[in-house]
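Summary of structural features
If you want the building blocks of each chain, they are given just below.
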There are 2 protein chains.
Amino acid sequence: MATAPLKSSESSRELETGRKAQIYRAAAELIVQKGLDATSMNDIAKAVDLTKPGLYHYITGKKDLLFSIMQFAMDTVESLVVEPARSIKDPEECLRFILERHAGMTEYVREITILADELPALTQEHREHIVARKRRYLEFLRETLRGLKYQGKLRDLDVDIAALNAFATIIGISRWFDPLGKLTAEQVTQETSQFILGALLVDRT
Amino acid sequence: MATAPLKSSESSRELETGRKAQIYRAAAELIVQKGLDATSMNDIAKAVDLTKPGLYHYITGKKDLLFSIMQFAMDTVESLVVEPARSIKDPEECLRFILERHAGMTEYVREITILADELPALTQEHREHIVARKRRYLEFLRETLRGLKYQGKLRDLDVDIAALNAFATIIGISRWFDPLGKLTAEQVTQETSQFILGALLVDRT
């Protein structure tokens, strides 16, 4: 999985960003497998074919790394799911887009999503920052459900609780999906979207 | 929240069991709030009004405690949800029972459920034991959905993925429900059951 270390001549801004993403994903995978404390900076350096000093060029320490990983995960979700969804006016179309995009990227952010459980390890300030970003996503989902309710398309459900349940279901994929298992990412995306749409939408028959 | 320490003359088997449950819940709450490493045996002793040696009468150490907490959580779920559900023959009735019972006890096992994320901190043997117990519960849910499918009551969903999604939704309550928030446990139980039933069952109209 590890690639050869970059030569300094190649280190454009974009490569630097790609390198960081690679470090975050590798570190997240290690932390989820071994636990935060059992994962050393040495382990992470080895996983991405860097020396320990080379790794410190990108990150300053484990606590800081954890925050960077979560920021990276939120950046990814915002740019691939939330931002494009904001421009979709029809609430049902918007909901379908959110579900398919988020469920579909779950394999990509698998370890990173699970790391959300490491929130207590962050500083108070960093923790509040991440919680606020998650809350904005949830609020957007809630607004979308409010739109559906207004159109009479939502089942007889409390909008707040329904949004939390939909959110939990989609985030849940990260916890149970095994990219090496017998289910494909496409199947899981499709089925989970259907599950949540079935839960939320009034049947049109 | 802490109660007075028990006098040794009171320590019947039942009191001992109750005392252990109290320690597990208090410890789980601390670990979820502060993180596993930041929680000391001293903190736990203080939370349940015991001296540190007094606490060691009940538990042998933090790693062992974590396993005991998870075993306690699985015992509770099995005796209050799974075992009584096994005697319900009709799959729809059985599903409704599982959802309402499990969602309804979520406040009780809140911290404990979240601790499932600490699985990597267990020894390999203990981890496998807990994973196997969770898998038996999931398998029972899957069987119930198979029964619904056979009766034509299940939507056009993959049984395995549907069971995983239902499981994730119900476990998700533990992560987002705030017992001190504006939503009552009854509302959350009711709404989450409706959400999952809507997702799974063909509409009867």
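None of these values were measured; they are calculated from a predicted model.

**What to know about the overall build of chain A**
Of the regular secondary structure elements, chain A holds nine helices and zero strands. What you see in chain A, going N to C, is helices and strands ordered as α-α-α-α-α-α-α-α-α. Considering only residue pairs separated by 6 or more positions, chain A has 70% of its internal contacts joining residues 24 or more positions apart.

**Concerning the confidence of the model for chain A**
All names here are of chain A. Scored by pLDDT, chain A has a mean of 86; 87% of the residues are at 70 or more. The weakest mean pLDDT in chain A belongs to helix α6 (residues 106-114) at 67; the strongest belongs to helix α9 (residues 185-200) at 95. The model gives residues 1-9 a pLDDT under 50, and that stretch makes 13 contacts with residues more than four places away or in other chains. Reported confidence for the predicted complex is 0.84 by ipTM and 0.85 by pTM.

**Looking at the interface of chain A and chain B**
In many reports, interface size means the accessible area that the parts give up when they come together. Opposite the 35 residues of chain A that make contact, chain B presents 35 residues. Of the roughly 2,700 Å² buried between chain A and chain B on both sides combined, carbon and sulfur atoms contribute 61%. Among the residues of chain A in contact with chain B, Ile161(A), Asn165(A) and Phe195(A) are the three that bury the most area, contributing 24% of the side total. The interface formed by chain A and chain B contains four salt bridges. Asp160(B) is paired through a salt bridge with Lys182(A); the nearest N and O atoms lie 3.2 Å apart.

**Section: the nonpolar core**
The biggest cluster of nonpolar side chains holds 82 residues, and the ones touching the most others in it are Trp176(A), Phe195(A), Leu200(A), Trp176(B), Phe195(B) and Leu200(B). Aside from chain neighbours lying at most four places away, what touches Leu200(B) is Phe195(A), Leu95(B), Leu145(B), Lys153(B), Leu154(B), Arg155(B), Leu157(B) and Ala162(B).

**Focus on the relation of the copies chain A and chain B**
Note on the identical chains: chain A maps onto chain B by a rotation of 180 degrees and an axial translation of 0.0 Å, with an RMSD of 0.0 Å. The symmetry that links the two subunits is that of a two-fold axis. For chain A, the residue whose C-alpha comes nearest the rotation axis is Ala199(A), separated from it by 1.9 Å. The share of interface residues of chain A whose copies in chain B are also at the interface is 100%, consistent with both copies meeting through the same surface.

**Points about the packing of aromatic side chains**
Pairs of aromatic rings are described using the distance from one ring centre to the other and the angle between the two planes. All names here are of chain B. On inspection of all chains with the given rule, the structure shows six aromatic pairs over all chains. Measuring from ring centre to ring centre gives 5.5 Å for tyrosine 24 and phenylalanine 72, while their planes differ by 55 degrees; the resulting arrangement is tilted. You can see tyrosine 24 sitting in helix α1 (residues 13-34) and its partner phenylalanine 72 sitting in helix α4 (residues 62-86), a full 48 residues away along the chain. One exposure class covers both tyrosine 24 and phenylalanine 72, and it is buried. We note arginine 86 situated over the ring of phenylalanine 140; from NZ or CZ to the ring centre the distance is 4.7 Å.

**Observations concerning the pattern of salt bridges**
Residue and element names in this part refer to chain B. The tally for this structure, following the rule as stated, stands at 24 salt bridges over all chains. For the salt bridge of arginine 86 with glutamate 83, the shortest nitrogen-to-oxygen distance reads 3.8 Å. Residue arginine 86 and its partner glutamate 83 are both found in helix α4; the two are separated by three residues, about one turn of the helix. A relative accessible area of 38% places arginine 86 in the partly exposed class. Among the salt bridges present, the one from glutamate 139 reaches arginine 146, with a minimum N-O distance of 3.7 Å. With a relative accessible area of 27%, glutamate 139 lands in the partly exposed category.

**Let's talk about the side chain of Gln71(A)**
Residue and element names in this part refer to chain A. Looking at where glutamine 71 falls in the secondary structure, it is placed in helix α4 (residues 62-86). A polar contact is formed between the side chain of glutamine 71 and the side chain of arginine 133, at a distance of 2.7 Å. For glutamine 71, the contacting residues outside a window of four places in its chain are His129, Ile130 and Arg133.

**Section: the environment of Phe167(A)**
Residue placement: Phe167(A) occurs in helix α8 (residues 159-176). Each residue touching Phe167(A), except ones within four places of it in the same chain, is listed here: Lys134(A), Tyr137(A), Leu138(A) and Leu141(A).

**Describing the packing of α9(A) against helix α9 (residues 185-200) of chain B**
Between α9(A) and α9(B), the least distance of the axes is 7 Å, while the angle of their chain directions is 120 degrees. Crossing hand, α9(A) versus α9(B): right-handed. In this structure, α9(A) uses Phe195(A), Ile196(A), Gly198(A), Ala199(A) and Leu200(A) to contact α9(B), whose residues at the interface are Phe195(B), Ile196(B), Gly198(B), Ala199(B) and Leu200(B). When its residues are assigned to classes, the contact of α9(A) with α9(B) shows eight nonpolar, two polar and no charged.

**Points about the environment of Thr192(A)**
Inspection of the secondary structure puts Thr192(A) in helix α9. Considering only alpha carbons, one finds Thr192(A) and Ala166(A), 26 residues apart in sequence, at a separation of 9.9 Å. Setting aside chain neighbours within four positions, we find Thr192(A) in contact with Thr169(A), Ile173(A), Trp176(A), Ile161(B) and Asn165(B).

Definitions and cut-offs
Think of each chain on its own: its residues are numbered from 1, step by step along the sequence as written. Note on labels: chains are lettered from A, ligands numbered from 1, in written order. With the structure being a predicted model, the display of local features is reserved for residues of pLDDT at least 70 and the display and counting of side-chain atom pairs for 80 or more, all residues being used for whole-chain, interface and lining totals. Side-chain calculation: all heavy atoms of the structure are included, whereas hydrogens and water are not. The secondary structure listing takes helices from DSSP runs of H or I that are at least 4 residues long and strands from runs of E that are at least 2 residues long, numbered from the N terminus. Working rule for contacts: check all heavy atoms of both residues, and any pair within 4.5 Å makes them a contact. Values of pLDDT, ranging from 0 to 100, describe the predictor's confidence in every residue of the model. Accessible area that two parts lose when put together, with a 1.4 Å probe and added across both, is what the buried area reports. We count a salt bridge whenever a side-chain nitrogen from Lys or Arg sits within 4 Å of a carboxyl oxygen from Asp or Glu. Among buried residues, those of type Ala, Val, Leu, Ile, Met, Phe, Trp, Tyr and Cys that are joined through side-chain atoms within 4.5 Å constitute a nonpolar core. Whether a residue is buried, partly exposed or exposed follows from its accessible area with a 1.4 Å probe, protein chains only, as a fraction of its type maximum: under 20%, in between, or over 50%, in that order. Fitting of the copies onto one another was done by least squares over C-alpha atoms, counting residues only where both copies have pLDDT of at least 70. The rule is short: rings of Phe, Tyr and Trp, with Trp giving its six-membered ring, pair when the centres are within 6.5 Å, and they are stacked under 30 degrees, edge-to-face over 60, tilted in between. Counting as a charge over the ring demands two things of the Lys NZ or Arg CZ atom: a distance within 6 Å of the ring centre and an angle within 35 degrees of the ring normal. Pairs of N or O atoms within 3.5 Å make up the polar contacts considered here, provided that, within protein, one atom can donate a hydrogen while the other can accept it, and that residues adjacent in sequence are counted only when both atoms are side-chain atoms. Here, axes are lines fitted to C-alpha atoms. For helices the fit covers the stretch in contact, and angles between N-to-C directions go from 0 to 180 degrees. Left-handed describes a crossing in which the near helix is turned anticlockwise from the far one by less than a right angle; the clockwise case is right-handed. The classification used treats Ala, Val, Leu, Ile, Met, Phe, Trp, Tyr, Cys and Pro as nonpolar, Asp, Glu, Lys and Arg as charged, and all other residues, Gly among them, as polar.

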